[in-house]
Amino acid sequence: MTDVPANFWAVVPAAGIGSRMRAGKPKQYLTIGDRSVLEHTLARLTAHPLIAGVVIALAEHDDYWPGLRHLPVKPLHRVTGGAERCHSVLHCLHYLQATQAPDTWVLVHDAARPCVRSTDIDNLILRCRDHEVGGLLGIPVHDTMKRCDTAGAVLDTVDRRQLWHAMTPQMFRLHQLADALQQALARELLVTDEASAMEALGLHPVMVEATADNIKITRPEDLALAAFYLDQQGAPPCA
Ligand code: CTP
Ligand code: MG
């Protein structure tokens, strides 16, 4: 990877409230070991040699951010998030568009995924940097998949051979991604990831297989699992 210039920017949506987590504070501020989930995530991203810096979206009234003590030494810019994840990402992209070239690669990564491995980021960059659209990390579905109605009655079994869990980072070119998200919003599509916005334009991002420990902390039991994975992977790199 030494021949690749370090001009990849990370975008971190961190303006959510973590309602499914049912904790006393947003999940990105829950603690694993000596630091918050968000600090782990930022350390993972900025430890990667090709990431030039981070733009992070925070909630408008975020009382927790000022208390963080382990922030990375690479450039870190804050913007105010929006009503949904896609609005928060778009605010970050608008910030970058003022200073970076339109074809800059952007890696959007959930604040709530603190276990992302440097090797998975390597694989994503290697697969996407010459790709005309970009791509995302994910893992194939292993369980048998059922489609159910709203009452919980099983309707049928879905062929899982083409199904993947979408993860982050998701890597796209700055101007293409901003355009795609803007068009999705104009069509009132509240996309839950960046790839969906590209797909809505008829584009085909590439899926890059990740390690299964790149979990998103979503429900209460996920925090202990993330702590276990971080411990297994060794101490997080200090920023
Ligand atoms: N996010 C954001 N702005 C929003 C909503 C979500 O920046 N308006 C961020 C979250 O902080 C998180 C990421 O998007 O890092 C993925 O979203 P999700 O896991 O859904 O987090 P929350 O929305 O906080 O959780 P929940 O849906 O359970 O309320
Ligand atoms: Mg959410």
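Analysis parameters
- Residues numbered from 1 in each chain as written.
- Chains lettered and ligands numbered in written order.
- Predicted model: local features only at pLDDT ≥ 70, side-chain atom pairs only at ≥ 80, totals over all residues.
- Heavy atoms only, no water.
- Helix = DSSP H or I, 4+ residues; strand = E, 2+ residues; numbered from the N terminus.
- Buried < 20%, exposed > 50% of the residue type's maximum accessible area, 1.4 Å probe, protein only.
- Contact = heavy atoms within 4.5 Å.
- Near = heavy atom within 4 Å.
- Polar contact = N/O pair within 3.5 Å; in protein donor to acceptor, adjacent residues only side chain to side chain.
- 1 Å grid on protein atoms, 1.4 Å probe; cavity = no way out; pocket = protein on both sides within 12 Å on 5 of 7 lines; lining within 4 Å.
- Sits in = over half its atoms within 2 Å of the grid points.
- Nonpolar A, V, L, I, M, F, W, Y, C, P; charged D, E, K, R; others polar.

A. Structural detail: the environment of Lys27. With respect to the helices, strands and loops of the structure, Lys27 is situated in the loop between β1 (8-14) and β2 (31-32). By relative accessible area, which is 12% here, Lys27 ends up buried. Taking the C-alpha atoms as reference points, Lys27 and His91, separated by 64 residues in sequence, lie 21 Å from one another. Aside from chain neighbours lying at most four places away, what touches Lys27 is Gly18, Met21, Val37, Ala112, Lys216, Ile217 and Thr218.

B. Layout of the site of ligand 1. Around ligand 1, the structure places 19 residues, and the nearest of them are Gly18, Ser19, Lys27, Ser88 and Lys216. A distance of 3.2 Å is found between an oxygen atom of ligand 1 and a backbone nitrogen or oxygen belonging to Ala14. Within the backbone of Ala15, a nitrogen or oxygen atom sits 2.9 Å from an oxygen atom of ligand 1. Its atoms largely coinciding with the cavity grid, ligand 1 occupies the largest pocket. Broken down by secondary-structure element, the contributors of at least two residues to the shell around ligand 1 are β1 and α2 (85-97). Residue composition of the shell around ligand 1, by class: seven nonpolar, six polar and six charged.

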